[in-house]
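Each chain, written out:
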Amino acid sequence: MERTCIIVGASHAAAQLAPSLRQEGWEGRIVVIGDEPRLPYHRPPLSKAYLLGDKQADDLLIRAADVYTRFNIEFRLGERVESIDRGDRTITLRSGEKLAYDKLALCTGTRVRTVTLPGSTLPGVHYLRNIADIDRIRGDVRTGGRAVIVGGGYIGLETAAVLTKLGMHTTVLEMAPRVLARVTAPQVSTFFERVHREEGVDVRTGIAVRGFEGTSRVEKVVCADGSSFDADLVIIGVGVMPNVELAAHANLATDNGILVDACARTADPDIVAAGDCTMHPSPYYGYIRLESVPNATEQAKSAAAALCGKEKPYAALPWFWSDQYDIKLQIAGLNQGYDEVVVRGDLRSDRSFCAFYLKDGRLIAADCVNRPQEFMFSKKLIAGQIVVSATQLADEAVPLKSLTEVAKVEN
Ligand SMILES: Cc1cc2nc3c(=O)[nH]c(=O)nc-3n(C[C@H](O)[C@H](O)[C@H](O)COP(=O)(O)OP(=O)(O)OC[C@H]3O[C@@H](n4cnc5c(N)ncnc54)[C@H](O)[C@@H]3O)c2cc1C
């Protein structure tokens, strides 16, 4: 009988895993089950070009429908997988229908962290994760209207940039003492606060939202310090949570993510997981859970190989990006545990610089603003675990390329 691989989640990871499975030699059925009514699409443009109106939903597709047809990949869209029975090797859909699998891939991604503050369910208060969310947000965008963004993370700041461009008076309310506090050095946070203020955004930090008020829809955001902000539109961007429940209820190990090895395998030889939902080993940073497209794509390739009995460990260096106004931020590596920050360029007045994060004299991460070359060579320096001096990193006259070349000679 023909063997079946089921992929749960019509996600970034699935869009890679399914064709990679064919390339690795899987000849049986491949069925992707996704609870959204769409083929896998790029999520990053949601808070950028799609919100702005520069892209339409069809422009976001990761692959056109005929590509999946060519690879003989089936989709069951608008269907949710409710449970896994590992003994019977079946999954159960919300409708009660059971489907048998020989191999299973969990690509369930993350969901937004929600708040339970008074008024948080009023019309006009939004979260941002999928196309349907943006379509609702766009329905509330009014030139000259007031938008309040709760949360000064990347998604909150990207959204603030777009809403400002769309002519809304935009306020960002961040509870921490600075924006991007979880992910960047204080200098970089100060840079982003400056840029947003220059563009007309009212950035408030160290401020806790207490609730939302309005009669038939949101009119005001109220804060713990007694201040309040008029709002026609509110977007809450306070992080995400991995969708691990399906795995956990099937007694697969989870810990802020589905635990997998370097080949994306769970402890069950027939089940892999890939993307935002996994906690996996990194050769550079120990066990990590990442929220990024490059991670979903690269890990999916390892997962596809593993399902075909091959070992192709996922060892790529994490990287990310964010677009705000004329700024392209590219981030190489993770800065966790850094003991020194070195800046190349002038982040107090320019919009082009690098912030390098060092730990014990080695580069572990770099935030590169409008510096694609430096980003590229930072990745090499980090992945090569090359010893660099803070003085050289800070010196604009020393091309980063030369540091990678010196290391080659020394090695
Ligand atoms: C607004 C926004 C902007 C972003 N910007 C960037 C960026 O600039 N750069 C970057 O690298 N990353 C960015 N990201 C993050 C990036 O989109 C994610 O890292 C990526 O989508 C993760 O892919 P994934 O394959 O893990 O899962 P996802 O793409 O999250 O997809 C998971 C899918 O599985 C479905 N699902 C879950 N459970 C079930 C179930 N039981 N049954 C059926 N279906 C299920 C979900 O509904 C979802 O459709 C952004 C994300 C958002 C929301």
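Cut-offs used in this document
- Residues numbered from 1 in each chain as written.
- Predicted model: local features only at pLDDT ≥ 70, side-chain atom pairs only at ≥ 80, totals over all residues.
- Helix = DSSP H or I, 4+ residues; strand = E, 2+ residues; numbered from the N terminus.
- Rg over C-alpha atoms; globule rule 2.2 N^0.38 Å.
- Buried ≥ 20, exposed ≤ 12 C-beta atoms within 10 Å, placed from the backbone.
- Contact = placed C-beta atoms within 7 Å.
- Near = placed C-beta within 6 Å.
- Nonpolar A, V, L, I, M, F, W, Y, C, P; charged D, E, K, R; others polar.
- Domains from an automatic or database assignment.
- Expected span 1.5 Å × (residues − 1).
- Axes fitted to C-alpha atoms, helices over the stretch in contact; angles between N-to-C directions.
- Left-handed = near helix turned anticlockwise from the far one by under 90°.
- Pairing = 2+ DSSP bridges.
- Core = buried A, V, L, I, M, F, W, Y, C linked by C-beta atoms within 7 Å.

Q: In this structure, what is going on with the overall build of the chain? I would like to understand it.
A: When its secondary structure is counted, the chain shows 11 helices and 26 strands. On C-alpha atoms alone, the chain measures out to a radius of gyration of 23 Å, which is about the 22 Å that the 2.2 N^0.38 rule sets for 411 residues. Its C-alpha atoms give the chain principal-axis dimensions of roughly 70 × 65 × 35 Å. Here the chain holds 411 residues, and 42% of them are scored as buried. Summarising the internal contacts of the chain: among those between residues at least 6 apart in sequence, 60% fall at separations of at least 24.

Q: In this structure, what is going on with the site of the ligand? I would like to understand it.
A: In the vicinity of the ligand there are 35 residues, among which G9, S11, R43, G109 and G275 approach most closely. Broken down by element, the residue count for the shell around the ligand peaks at 3 residues, all from strand β22 (residues 319-324). Partitioned by chemical class, the residues of the shell around the ligand number 16 nonpolar, 12 polar and 7 charged. Of the residues that make up the shell around the ligand, three or more belong to each of domain 1 (4-111 + 240-307) and domain 2 (125-236).

Q: Please clarify how helix α9 (residues 372-383) should be interpreted in this entry.
A: Three- or four-residue spacings in an α-helix give side chains the same orientation, since the helix completes a turn every 3.6 residues. The terminal C-alpha atoms of α9, which comprises 12 residues, lie 17 Å apart, in line with the 16 Å expected from a rise of 1.5 Å per residue. Listed in full, the buried residues belonging to α9 are E374, F375, F377, S378, K379, L381 and I382.

Q: How should the domain arrangement of the chain be read in this particular structure?
A: The parts lose accessible area when they come together, and the size of an interface is often stated as this lost area. Here the domain parsing of the chain yields domain 1 (4-111 + 240-307), domain 2 (125-236) and domain 3 (326-410). The distance between the C-alpha centroids of domain 1 and domain 2 comes to 31 Å. Take the side of domain 1 that touches domain 2: its biggest share by element is 3 residues, from helix α2 (residues 49-52). In the side of domain 1 that touches domain 2, the residues fall into 6 nonpolar, 1 polar and 4 charged.

Q: Looking at this model, I keep getting lost on the packing of helix α1 (residues 12-23) against helix α8 (residues 293-307). Mind explaining?
A: Between two packed helices, the angle of one axis relative to the other and the distance separating the axes together describe the packing. At their nearest, the axes of α1 and α8 sit 8 Å apart, and the two run at 35° to each other. Remark: the crossing between α1 and α8 carries right-handed chirality. Residues H12, A13, Q16, L17, S20 and L21 of α1 lie in contact with α8, whose contacting residues are V293, A296, T297, Q299, A300, K301, A303, A304 and L307. Here the residues of the contact of α1 with α8 sort into 9 nonpolar, 5 polar and 1 charged.

Q: Can you help me understand the sheet that holds strand β5 (residues 90-93) in this one?
A: Whenever strands of a sheet pair, they do so through backbone hydrogen bonds, lying parallel or antiparallel. Read across the sheet, 3 strands follow the order β4-β5-β6 without closing on themselves; strand pairing throughout is antiparallel. Of all strands in the sheet, those bounded by a partner on one side alone are β4 (81-85) and β6 (98-100). On average, adjacent strands in this sheet sit at an angle of 25° to one another, irrespective of strand direction. Pairing of β5 with β6, which is carried by 3 bridges, proceeds in the antiparallel orientation. Within the sheet, the bridge partner assigned to T92 lies in β6 and is K98.

Q: Looking at this model, I keep getting lost on the environment of D367. Mind explaining?
A: Inspection of the secondary structure puts D367 in strand β26 (residues 362-369). Residue D367 is classed as buried on the basis of its 30 C-beta neighbours within 10 Å. For the pair D367 and A250, spaced 117 residues apart in sequence, the C-alpha to C-alpha distance is 39 Å.

Q: What exactly am I supposed to notice about the nonpolar core here?
A: Soluble globular proteins tend to pack their nonpolar side chains together in the buried interior. Within the largest apolar cluster, 69 residues are counted, with the highest numbers of intra-cluster contacts made by V234, F356 and A366. When residues of this core are assigned to their parent elements, the largest contribution, 7 residues, is made by helix α5 (residues 154-165). Listed in part, the 48 residues of the second largest apolar core include I73, I91, L259 and A304.

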